[in-house]
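One letter stands for each residue in the lines below.
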Amino acid sequence: LLDKHGVKPDIVMGHSLGEWAAAVGAGMVTFPEALVAVSARARAMASVSIGDKGKMASVAGPTDEIVSRLPEIGGYLTPANINSRKQTVIAGASDAVDRAVDYFNKLGMTAQLIPVSHAFHSKVVAPASDALYRTICEMQIAFPRIPLVGNIDGDLYPTHDMDAIRRRLADQMASSVQFVKGVETCYREGARIFVEVGPKRALMALAERILEDKDDVICFSPNHPKRG
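Here's what I pulled together on the structure shown here. The structure presented is a predicted model; accordingly, all values stated were derived computationally and were not measured.

So, about helix 7 (residues 179–188). Of all the 10 residues making up helix 7, 7 are buried; the element is thus mostly covered by neighbouring parts of the structure. Within the sequence span of helix 7, burial applies to F179, V180, G182, V183, T185, C186 and Y187. In this structure, the buried side of helix 7 is in contact with strand 1 (12–13), strand 3 (77–84), strand 6 (148–149), strand 7 (193–195) and helix 8 (202–210). Remark: G190 follows helix 7 within two positions and exhibits a positive phi of approximately 110 degrees.

On to helix 8. Along helix 8, the residues that are buried comprise M204, A205, L206, A207 and I210. Where the residues of helix 8 are buried, they touch strand 3, strand 4 (87–92), helix 7 and strand 8 (218–220).

All right, on to the packing of aromatic side chains then. For the structure shown, the criterion picks out 1 aromatic pair. Positioned above the aromatic ring of Y157 is the side chain of R168, whose terminal nitrogen or guanidinium carbon lies 4.7 Å from the ring centre. A cation sits over an aromatic face here: R192 above Y187, 3.6 Å from the ring centre.

Our next topic: the pattern of salt bridges. With the rule as written, the count across this model stands at 14 salt bridges. A salt bridge links K8 to D3; its shortest N-O distance comes to 2.7 Å. On the accessibility criterion, K8 (56% relative accessible area) is exposed. Residue D3 is classed as partly exposed on the basis of its relative accessible area, which comes to 49%. Notably, a salt bridge pairs D153 with R168, separated by 3.0 Å at the nearest N-O pair. Note that D153 is positioned in the loop between strand 6 and helix 6 (162–171) and R168 in helix 6, a separation of 15 residues in sequence.

Bringing the pairing of strand 3 into the picture now. With respect to burial, strand 3 is a largely interior element, 8 of its 8 residues being buried. Hairpin connection from strand 3 to strand 4: 2 residues lie between these consecutive antiparallel strands.

Taken together, the 4 strands give an open sheet; going across it, the order is 3-4-2-5, and neighbouring strands pair in antiparallel fashion. Of all the strands in the sheet, just strand 3 and strand 5 (110–114) have a single pairing partner and so form its edges. Mean inter-strand twist for the sheet, computed between neighbouring axes without regard to direction, equals 25 degrees. Of the pairings in the sheet, the one linking strand 3 to strand 4 comprises 6 bridges and is antiparallel in character. Of the residues in strand 4, the one forming a bridge with I82 is T88. Packing of helix 3 (residues 63–73) onto the sheet brings it into contact with strand 2 (55–60), strand 3 and strand 4, and relative to strand 3 it is tilted by some 170 degrees. Taken strand by strand, helix 8 contacts strand 3 and strand 4, and its axis lies near 85 degrees from that of strand 3.

Reading the values: the criteria
- Residues numbered from 1 in each chain as written.
- Predicted model: local features only at pLDDT ≥ 70, side-chain atom pairs only at ≥ 80, totals over all residues.
- Heavy atoms only, no water.
- Buried < 20%, exposed > 50% of the residue type's maximum accessible area, 1.4 Å probe, protein only.
- Helix = DSSP H or I, 4+ residues; strand = E, 2+ residues; numbered from the N terminus.
- Contact = heavy atoms within 4.5 Å.
- Phe/Tyr/Trp six-rings, centres within 6.5 Å; stacked < 30°, edge-to-face > 60°.
- Lys NZ or Arg CZ within 6 Å of the ring centre and 35° of its normal.
- Salt bridge = Lys/Arg side-chain N within 4 Å of Asp/Glu carboxyl O.
- Pairing = 2+ DSSP bridges.
- Axes fitted to C-alpha atoms, helices over the stretch in contact; angles between N-to-C directions.

Laid out in structure tokens, this is it:
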């Protein structure tokens, strides 16, 4: 829709599942093929057969402190989404996440469970990556026409290694979402106007916090829930 109105990106990035939308924006896959991929991703995730599907929780506080304290809690825990320097989503074993919520709340941080079916972006769903990879290998994938920033490391997708692209697309769902690094990469590559393509303003708000020390940035949501 934005493209029809002449709004064309110079660089694109998604958040979690949104990386597939960004891949469409970068010309790597067509919209119909992206639908096939996200359907395969959901099926692969649902087929993960384990006793504990894990949990996820949002923690508001300094990211560095949150990450450094996870080993103190015990059990399998990992930073699943590094959304800003003061907001992190953790994932892991159900009992460990429950303890983490209690632990961080006692520290004065705001921690709460997120209603999800699995502990996404953690090793809990890693077995699904191989099934998704097989589907991706059957798809027509192109090299990105414009830079695409990936969630795995917050850096640019390769432009000359197709197997590396396929592997990143598959491994992304079991890897941490490095959103802070990704936004910083966009800025490093020259981005100054950040447009959130979606129904809300969550990513716009995160980008504003990540780039709050920059005086040459505009963060914009064309479908703001309060302004339309």
